[in-house]
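Fold and geometry: a report
What follows is the residue order along each chain.
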Amino acid sequence: MEYKIALIPGDGIGPEIVAEAKKVLDRVCEKYNHKFSYTEVLLGGASIDAHGVPLTEEAIAQAKASDAVLMGSIGGDAKTSPWYKLEPSKRPEAGLLAIRKALNLFANLRPAYLYNELRDACPLRDEIIGDGFDMIIVRELTGGLYFGARKTTEENGVRTAVDTLSYNENEIRRIAIKAFEIARKRRNKVTSVDKANVLDSSRLWRSVVEDVAKDYPDVTLEHMLVDVILTENMFGDILSDEASMVTGSIGMLSSASLNETKLGLYEPSHGSAPDIAGQNKANPIATILSAAMMLRYSLDLDKEADAVEAAVQKVLTDGYRTGDIMSDGCKLVGTREMGDLIADAIA
């Protein structure tokens, strides 16, 4: 099969980690007889340097013409970079917000998986970790409290702030469908997180999710705290941040944002780390695992995604580590070496 992939190297360590993910994807092509054609797209600081704006219409068109988008990292040092002397709408991160809006990305996927080799870096007690954990948080990204009407008023010398948490059933239905479809690729279980005992928005959320569940009789639905966690924007923001702390290193955290088609934007959860850019120190695993998510959720190449994830597991089991996950008795490698090792482990 042939697929079109838009690559956004971005800023800081972005070009380095995207190069290693591409190396792994190229090995997948060799092993599984696929062809990936790549288009490099400028976004963020790289686009500001080339075009004076963080995102161009041409870049949006290139992304929309692709089957999936794989991104590195966006932004620089806010204290020293000339990008941050520009007005907010012209800064690197504005380009990221703009492309998410242009692609109508409403579903954010954040896996939380603890590799046994990194359990010593997990802050949870051993009895809580048990056999480890493997879940994915599906967060609604474009509605809820963060996008509702807001105002601050003053009456009789007393200030009052109001934020509005609003969802309609179509917004809930489309994110619920994404969660159930993802559960079918995992262990057939969805946990929906809401506050239905207090909030009208949560009562509607629960009602619609239960309605969608009828179309997925093979998937178990529960309303509490877990395999696929489905939740609205604010709860998802909180839970994603909490989950990121128990995986051992942010350098291991992949993510995806999807729209109503198969198109998605895949990126590591970490930032651009300009302090180590160009030094062959960055951990590329989060970007490589994001590429595995791309194979699974945009291209429906589940076997190939499994192969990438298994290769990451093998390299960790063999004791190779980048600096951020280094521990006693392991072998320290750089960005390029880690990419080589994972690519060579693709079976």
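Up top you'll find the structure we're talking about.
Residues numbered from 1 in each chain as written. Predicted model: local features only at pLDDT ≥ 70, side-chain atom pairs only at ≥ 80, totals over all residues. Heavy atoms only, no water.

Ordered in space as β2-β1-β3-β12-β11-β4-β5-β10-β8-β9, the 10 strands form an open sheet in which the pairing is mixed. Both outer strands of the open sheet, β2 (35-40) and β9 (220-222), are each paired with one neighbouring strand and no more. In this sheet, adjacent strand axes meet at a mean angle of 25° when their direction is disregarded. Of the pairings in the sheet, the one linking strand β8 (residues 189-193) to β9 comprises 3 bridges and is parallel in character. Among the inter-strand pairings, lysine 189 is bridged to a residue of β9, identified as threonine 220. This element, helix α4 (residues 92-102), spans β1 (2-10), β3 (68-73) and β12 (264-268) of the sheet and lies at about 150° to β12. Taken strand by strand, helix α8 (residues 233-244) contacts β4 (107-113), β5 (134-140), β8 and β10 (228-231), and its axis lies near 150° from that of β5. (Pairing = 2+ DSSP bridges. Helix = DSSP H or I, 4+ residues; strand = E, 2+ residues; numbered from the N terminus. Axes fitted to C-alpha atoms, helices over the stretch in contact; angles between N-to-C directions. Contact = heavy atoms within 4.5 Å.)

Once the charged atoms of two side chains with opposite charge are near each other, the side chains can pair. The full count for this structure, using the stated rule, is 26 salt bridges. Among the salt bridges present, the one from aspartate 211 reaches arginine 173, with a minimum N-O distance of 3.1 Å. Here the residue aspartate 211 occupies a position in helix α7 (residues 200-213), and arginine 173 occupies one in helix α6 (residues 169-184), the gap between them amounting to 38 residues. Taking relative accessible area as the criterion, aspartate 211 reaches 32% and is therefore assigned partly exposed. Its relative accessible area of 26% is what places arginine 173 among the partly exposed residues. Across the salt bridge formed by glutamate 309 and arginine 296, the nearest N and O atoms sit 2.9 Å from each other. On the criterion of sequence distance, the pair formed by glutamate 309 in helix α10 (residues 302-317) and arginine 296 in helix α9 (residues 285-297) is long-range, its members being 13 residues apart. (Salt bridge = Lys/Arg side-chain N within 4 Å of Asp/Glu carboxyl O. Buried < 20%, exposed > 50% of the residue type's maximum accessible area, 1.4 Å probe, protein only.)

Time to look at the environment of glutamine 313. Secondary-structure assignment places glutamine 313 in helix α10. Between the alpha carbons of glutamine 313 and glycine 334 there is a distance of 17 Å; along the sequence they are 21 residues apart. Setting aside residues no more than four positions away along its own chain, glutamine 313 makes contact with Tyr113, Tyr115 and Glu117.

A separate point is the side chain of glutamate 304. Structurally, glutamate 304 can be placed in helix α10. There is no salt bridge for the buried glutamate 304, and the closest opposite charge comes from lysine 303, which lies 5.4 Å off by N-O distance. Setting aside its immediate chain neighbours within four residues, glutamate 304 contacts Val28, Tyr32, His34 and Leu295. (Lys, Arg positive; Asp, Glu negative; His and termini not counted.)

Moving on, we come to empty space enclosed by the protein. If you roll a probe as big as a water molecule over the atoms, it shows you where there is empty space left. By volume, the largest cavity amounts to about 70 Å³. Looking at the largest cavity, the residues that line it are Leu165, Tyr167, Val193, Asp194, Leu199, Ser201, Ser202, Trp205, Glu232 and Phe235. It is α7 that contributes the most residues to the lining of the largest cavity, 3 residues altogether. Here the residues of the lining of the largest cavity sort into 6 nonpolar, 2 polar and 2 charged. (1 Å grid on protein atoms, 1.4 Å probe; cavity = no way out; pocket = protein on both sides within 12 Å on 5 of 7 lines; lining within 4 Å. Points joined across faces, edges and corners; volume = space filled by probe spheres on them. Nonpolar A, V, L, I, M, F, W, Y, C, P; charged D, E, K, R; others polar.)

Moving on to α4. For an α-helix the count is 3.6 residues per turn, leaving residues at separations of three or four pointing the same way. All buried positions along α4 are accounted for by Pro92, Ala94, Gly95, Leu96 and Ile99. At its buried positions, α4 is contacted by β1, α2 (45-51), α3 (57-64), β3 and β12. Backbone geometry just after α4 places asparagine 104 at a positive phi near 55°.

This part takes up the packing of α9 against α10. The contact between α9 and α10 brings their axes to 7 Å, and the two run at 160°. As summarised for this structure, α9 and α10 are arranged roughly antiparallel, according to the angle between their axes. As for the relative orientation of α9 and α10, their crossing is left-handed in sense. Contacts between α9 and α10 pair Ile285, Ile288, Leu289, Ala292, Leu295 and Arg296 from the former with Asp302, Glu304, Ala305, Asp306, Val308, Glu309, Val312 and Leu316 from the latter. Each residue belonging to the contact of α9 with α10 can be placed in one class, and the counts come to 9 nonpolar, no polar and 5 charged. (Parallel < 35°, antiparallel > 145°, perpendicular 65-115°, else oblique. Left-handed = near helix turned anticlockwise from the far one by under 90°.)

Applying the stated criterion to the full structure yields 5 aromatic pairs. Taking 5.2 Å as the distance between ring centres and 25° as the angle between the ring planes, the aromatic pair formed by phenylalanine 180 and tyrosine 216 counts as stacked. Of this pair, phenylalanine 180 sits in helix α6 while tyrosine 216 sits in the loop between α7 and β9, and the two are 36 residues apart along the sequence. In terms of burial, phenylalanine 180 and tyrosine 216 fall into one category: buried. Here a set of aromatic residues connected by ring pairs shows up, and it is made of Tyr3, Phe36 and Tyr38. Above the face of the phenylalanine 106 ring, arginine 174 is positioned so that its terminal group lies 4.1 Å from the ring centre. In this arrangement the basic side chain of lysine 331 is found over the ring face of tyrosine 320, its NZ or CZ atom lying 4.3 Å from the centre. (Phe/Tyr/Trp six-rings, centres within 6.5 Å; stacked < 30°, edge-to-face > 60°. Lys NZ or Arg CZ within 6 Å of the ring centre and 35° of its normal.)

In this structure, the largest pocket encloses a volume near 650 Å³. Along the walls of the largest pocket sit 27 residues, with Leu96, Leu97, Arg100, Arg139 and Leu141 positioned nearest its centre. Those elements giving two or more residues to the lining of the largest pocket turn out to be β3, α4, β4, α8, β11 (254-258) and β12. The element that contributes the greatest number of residues to the lining of the largest pocket is α4, accounting for 5 residues. When the residues that make up the lining of the largest pocket are grouped by side-chain class, the tally is 8 nonpolar, 11 polar and 8 charged. For the second largest pocket, the calculated volume is near 480 Å³. Taken together, 21 residues make up the lining of the second largest pocket; nearest its centre are Pro111, Tyr113, Asp134, Arg186 and Glu309. For the lining of the second largest pocket, a count of residues per class yields 11 nonpolar, 3 polar and 7 charged.

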